[in-house]
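# Notes for the structure review
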Amino acid sequence: MVGGRLMGDPDACVCRLLLDSRLLSFPEDTLFVAVKSSRDDGHNYIEDLYRRNVRCFMVTHDASEYAQLTDACFVVVKDAVAALQRLTAAHRSRFNVPVIGITGSNGKTIVKEWLYQLLHADYRITRSPRSYNSQIGVPLSVWEMDESTQLGIFEVGISQVGEMANLAPIVAPSIGVFTNLGEAHQQNFSSLKQKCIEKMKLFEGCGTIVYGKDDKLVDICAQQMHPNARFITFGKQKDATVQILEQKVERDSTSVSYLYNGKKYGVVVPFTDYASLDNALHCVCVLFALGFDPKKVSERMSELESVAMRMEVKDGEKDCLLINDSYNSDINALGIALDFLSQQADSKKLRKTLILSDIFQTGREIDELYCDVAALVEEKQVERFIGIGHDISAHEKCFDVPEKFFFPDTESFMLHIDSFAFEHEAILLKGSRKFRFETITDKLAKVVHETVLEVNLSALVNNFNYFRSFLKPGTKMMSMVKANAYGSGDIEVARTLQQNGCDYLAVAVADEGAVLRSEGIHIPIVVMNPEPNSFHKIFEYNLEPEVYSFSLLNRMISEASKLGITDYPIHLKLDTGMHRLGFEMKDLDELITVLKAQKCVKPRSVFSHLFGSDDAMFDEYTKKQIALFTEMKDKIFQAFPYKIMAHILNSAGIERFSEYQFDMVRLGIGHYGMSAVDSSRLEEVCTLKTNILQIRKVPASETVGYSRKGVLTRDSIIGAIPIGYADGFNRKLGNRNGKVLVNGCFAPIVGNVCMDVCMIDLTDVPNVKEGDSVILFGKGHPIQGVADTLGTISYEVLAGISKRVKRVYYRE
């Protein structure tokens, strides 16, 4: 199929294609295609993937370099991307089903998703996931076609001449859809006509082509390039297949009357902006192409739902509405987004604010471009305008807006963001990806605080390796970094664990996983408590959710289906006695039936929780839990032909029941020096420390702090330290219940712990002075002792340290 040379097992079977090693989920039947680009080289990840059980590779290097990978299989090719395209074109040729191919400058993804909404009740559809429309995305999308596919819907994007010739045979559409012709990616084309001709090459041999007839250039190119095709068009032109007679905008919808086959019909589209109406009319024409009658078309179109993709709407503080459309900033897309801004602002009676970056990929003269942008901003009656970037700032004089501000980059704007006092505004953030506009909404105020949590990363690694020493070769380690890595700071901890061979990370919620992904964490991340409204974020950031109930599983399947996602890895939680979350033994038959009846999700592991593995008094029950888990996981394993991992051991379980490590273990509090056997073998990782702000002498019989709780029985030296319950320092430690370490001596906490400050008795501490260091827990004052004083567990003490306490990381 690809003109390559085979080295290795000719009977190796592959079902999945992988180009990004970070996305590996099912190594046993994966073919890794090693693509070399200007930024990276897939060949650099082959040995790592081999260690993660991938055995099939497509490479352009001499496979003899990998002779040490004894049971691996290689297909050696000249060009990996071209081979990938040839492979998927051959795969496409196996299926004689209708395929809709969508191209154009804007609207491809929305049209694709709306067609799925309109047609999924009639066909089993395979479609591009998200915006997979590139030289690599298209092959990966088409690869998902299989024997159950009854209709394919794929979007195709190009950015330069020659690219469509590679993609057209992969899609081989029977129905072509041309959404519109605009200026996106114009810089690589000599004219709009050249770009139109290049995009139209997708429809070579296509039986039916759908487009808007009012665009004369698109109309001419279609007629000249594909004279034998059947054209189904829409527009105001009298010779359009669907001739638009009238469009009437209501509050939340648009009524369209049209002529079709000489008869007048009507359709109501539940949107009011021009871009949505244009996309909807493309869908109307596709339905006619597939043989739907006008009545059925009208019924289907009225039920269209908005597509959650590039334009994200969120509530902001002080009665603001945030519209995040930071996917790209070409001028056509800007016009569409400004229409949406106007719609939202008008309906909620908000001011209109636009934050816009430099605009790239237009191919136009820069002066002309920004004059047009300024005219568009004025036309849409934007009241406050913020331009970010050197180019847009250089054209400040073009903009006639009541309030306008310009900054050279996002970082400069962030320094002044507080001064804008946004209030009662609809704010559109429209920027190119390089400007990282997400930092605008994610910005946190810098807090100056003398209290710090020191995290010894060397000790963390040593503790990690101590627990790893209990494992057999091949057993994986999952590190829990939920709740900000138990308060120690998830980003640095995750980076350190990733660098030291951790196989999986686990977080509590999707937001935590998204933060790690944005900071370059690429190993698999499990979300232990996925919320139903977080599925889009889970998919976007390639996070792997725990699934513990049928309602969650069905919701997950539904959301994945809407996005055209298949074989998404999930981790099944089994209840073996903790009775918190999870499937029970009686649920397994139904669970297996549900999983086998769909293709959207696929179990990657099954697991359970031990609730007493740290205490010998519960050992018999722990063994019963493990026995029940073994029975349950075996039943699931027997139902599926592929490898599924099993794991049940936590930190205490690794030390005390290592013979039941199965395929993976989960390490949590053990990272930070807590052992169920002997903590002296581990190292203290976290030290909470501060400095003495002020020292004063207070006579006997005086009191210290609120409510006069700190009664002194002797003349005392009292120090004030800048930490309080707002920092996560528990109030129960006040009134001499807790203590701190100063210059090697313990000093009791006097009086009530305040919000930001507490007081300590320094009378028995020699040579103490203002500015001296104070350890609240850490080396010499273990966190377990603080937990014992509070009658709680060390997890709670560490995880409770608030984010305003600065984390300081170091290595020894």
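Read on for an overview of the structure. Every chain's residues receive numbers from 1 upward, in the order its sequence appears when written. In keeping with the model being predicted, local features are shown solely for residues with a pLDDT of at least 70 and side-chain atom pairs are shown and tallied solely at 80 or more, while totals for entire chains, interfaces and linings include all residues. Hydrogens and water molecules were not included; the side-chain quantities draw on all heavy atoms of the structure.

### What to know about the side chain of Thr 690
As a reminder of what qualifies: Segments assigned H or I by DSSP are reported as helices when at least four residues long, segments assigned E as strands when at least two residues long, and all are numbered from the N terminus. Type-normalised accessible area, obtained with a 1.4 Å probe on protein chains alone, sets the label of each residue: buried when under 20%, exposed when over 50%, and partly exposed for intermediate values. Pairs of N or O atoms are called polar contacts if they sit within 3.5 Å, as long as, within protein, a hydrogen donor faces a hydrogen acceptor (for residues adjacent in sequence, only side-chain-to-side-chain pairs). Contacts are residue-level and defined by heavy atoms, with any inter-residue pair within 4.5 Å sufficient.
Positionally, Thr 690 belongs in strand 30 (residues 686-691). Among the residues examined, Thr 690 registers a relative accessible area of 1% and is labelled buried. Polar side-chain contacts of Thr 690 include one of 3.1 Å to the side chain of Thr 451. Those residues in contact with Thr 690 that sit more than four places away from it in its chain are Glu 450, Thr 451, Ile 721, Pro 722, Asp 772, Ser 773, Val 774 and Leu 776.

### Regarding the packing of helix 6 (residues 192-200) against helix 7 (residues 216-225)
Defined as follows: Axis geometry follows a simple rule: fit a line to the C-alpha atoms, using only the stretch in contact for helices, then measure angles between N-to-C directions, giving values from 0 to 180 degrees. Put simply, angles under 35 degrees are roughly parallel, angles over 145 are roughly antiparallel, angles from 65 to 115 are roughly perpendicular, and the rest are oblique. Helix crossings fall into two classes, left-handed where the near helix is turned counterclockwise from the far one by less than a right angle and right-handed where it is turned clockwise. Amino acids outside the nonpolar list (Ala, Val, Leu, Ile, Met, Phe, Trp, Tyr, Cys, Pro) and the charged list (Asp, Glu, Lys, Arg) are all regarded as polar, and Gly is one of them.
Two elements in contact, helix 6 and helix 7, have axes separated by 10 Å at closest approach and are oriented at 45 degrees. With respect to helix 7, the element helix 6 is oriented oblique. As for how helix 6 packs across helix 7, the hand of that crossing is right-handed. Seen from helix 6, the contacting residues are Leu 192, Lys 193, Cys 196, Ile 197 and Met 200; seen from helix 7, they are Leu 217, Val 218, Cys 221, Ala 222 and Met 225. Of the residues belonging to the contact of helix 6 with helix 7, the class tally is 9 nonpolar, no polar and 1 charged.

### A closer look at helix 9 (residues 294-301)
For clarity, the cut-off: Summarising the geometry, the arc corresponds to the directions from the helix axis toward the C-beta atoms.
Restricting attention to buried positions, one finds in helix 9 the residues Pro 294, Val 297, Arg 300 and Met 301. Projected down its long axis, helix 9 carries its buried residues within an arc of 125 degrees, all on one side. At its buried positions, helix 9 is contacted by helix 3 (108-119), strand 13 (254-260), strand 14 (263-269) and helix 8 (274-289). The opening residue of helix 9 is Asp 293, an N-cap whose side-chain oxygen sits 3.0 Å from the backbone nitrogen of Lys 295.

### Considering the environment of Thr 126
Considering the arrangement of structural elements, one finds Thr 126 in strand 7 (residues 125-127). The exposure class assigned to Thr 126 is buried, which follows from its relative accessible area of 7%. Distance from Thr 126 to Lys 482, taken between C-alpha atoms, is 35 Å for residues 356 residues apart in sequence. Not counting the four nearest positions on each side in its chain, Thr 126 is found in contact with Ser 141, Glu 144, Met 145, Thr 149, Leu 151, Gly 152, Ile 153 and Phe 154.

### Some details on the environment of Val 35
Here Val 35 lies in the loop between strand 3 (30-33) and helix 1 (46-51). A C-alpha to C-alpha distance of 8.2 Å links Val 35 and Asp 79, two positions 44 residues apart in sequence. What Val 35 contacts, discounting residues up to four positions off in sequence, is Leu 19, Asp 40, Asp 41, Gly 42, Ala 80, Val 81 and Ile 136.

### Points about helix 3
Note the following rule: Helix span, as expected, comes to 1.5 Å for every residue beyond the first.
An ideal rise of 1.5 Å per residue puts 16 Å on 12 residues; helix 3 measures up with 16 Å between its terminal C-alpha atoms. Most of helix 3 sits inside the fold, with 10 of its 12 residues counted as buried. Turning to helix 3, its buried residues number three or more, namely Lys 108, Thr 109, Val 111, Lys 112, Glu 113, Trp 114, Leu 115, Tyr 116, Leu 118 and Leu 119.

### Observations regarding the sheet that holds strand 2 (residues 16-18)
Defined as follows: Paired strands, as defined in this entry, are two strands with at least two bridges between them according to DSSP.
Strand order across the open sheet formed by 5 strands is 1-5-4-3-2, with mixed pairing between neighbours. In the strand order of this sheet, the two ends are held by strand 1 (5-7) and strand 2, each with one partner. Across the sheet, the mean angle from the axis of one strand to that of its neighbour is 20 degrees, orientation sign disregarded. Where strand 4 (residues 56-59) lies against strand 5 (residues 73-76), 4 bridges are found, and the strand directions are parallel. Residue pairing across strands places Met 58 opposite Val 75, the latter belonging to strand 5.

### Thoughts on the packing of aromatic side chains
This is how the line gets drawn: The rule is short: rings of Phe, Tyr and Trp, with Trp giving its six-membered ring, pair when the centres are within 6.5 Å, and they are stacked under 30 degrees, edge-to-face over 60, tilted in between.
Applying the stated criterion across every chain, the model contains 28 aromatic pairs. Ring centres of Phe 435 and Phe 437 lie 6.4 Å apart, and the angle between their planes is 70 degrees; on these two criteria the pair is classed as edge-to-face. Residue class for Phe 435 comes out buried when judged on its relative accessible area of 9%. Under the relative-accessibility criterion, Phe 437 is labelled buried at 1%. Ring centres of Phe 640 and Tyr 642 lie 5.8 Å apart, and the angle between their planes is 50 degrees; this geometry places the pair in the tilted category.

### A look at the sheet that holds strand 12 (residues 242-249)
As summarised here, the arrangement of the 9 strands in space is 7-8-6-9-10-11-12-13-14, forming an open sheet in which the pairing is mixed. The sheet terminates laterally at strand 7 and strand 14, the two strands that pair on one side only. With direction set aside, neighbouring strand axes in the sheet form an average angle of 20 degrees. Packed on one face of the sheet, helix 8 meets strand 6 (99-103), strand 9 (175-178), strand 10 (208-212), strand 11 (230-235), strand 12, strand 13 and strand 14 and runs near 145 degrees to strand 11.

### Re the environment of Val 750
Looking at the element boundaries, Val 750 is found in strand 36 (residues 745-750). Residues Val 750 and Gly 738 lie 12 residues apart in sequence; the distance between their C-alpha atoms is 8.8 Å. Excluding its chain neighbours within four sequence positions, the residues that come into contact with Val 750 are Val 704, Gly 710, Leu 712, Ile 718, Asn 735, Arg 736, Met 759, Ile 760 and Asp 761.

### Some remarks on the pairing of strand 6
As a general feature of sheets, a regular strand has side chains that alternate between the two faces. Judged by how many residues are buried, strand 6 sits mostly within the fold: 5 of 5 residues are covered. Alternating residues of strand 6 divide into Val 99, Gly 101 and Thr 103 and Ile 100 and Ile 102, and every residue in both groups is buried. Here strand 6 pairs with strand 8 (residues 151-155) via 4 bridges, running parallel. By the bridge assignment, Gly 101 is partnered in strand 8 with Phe 154. Strand direction decides the pairing type here: strand 6 and strand 9, joined by 4 bridges, are parallel. Note on strand 9: the bridge partner recorded for Gly 101 is Gly 176.

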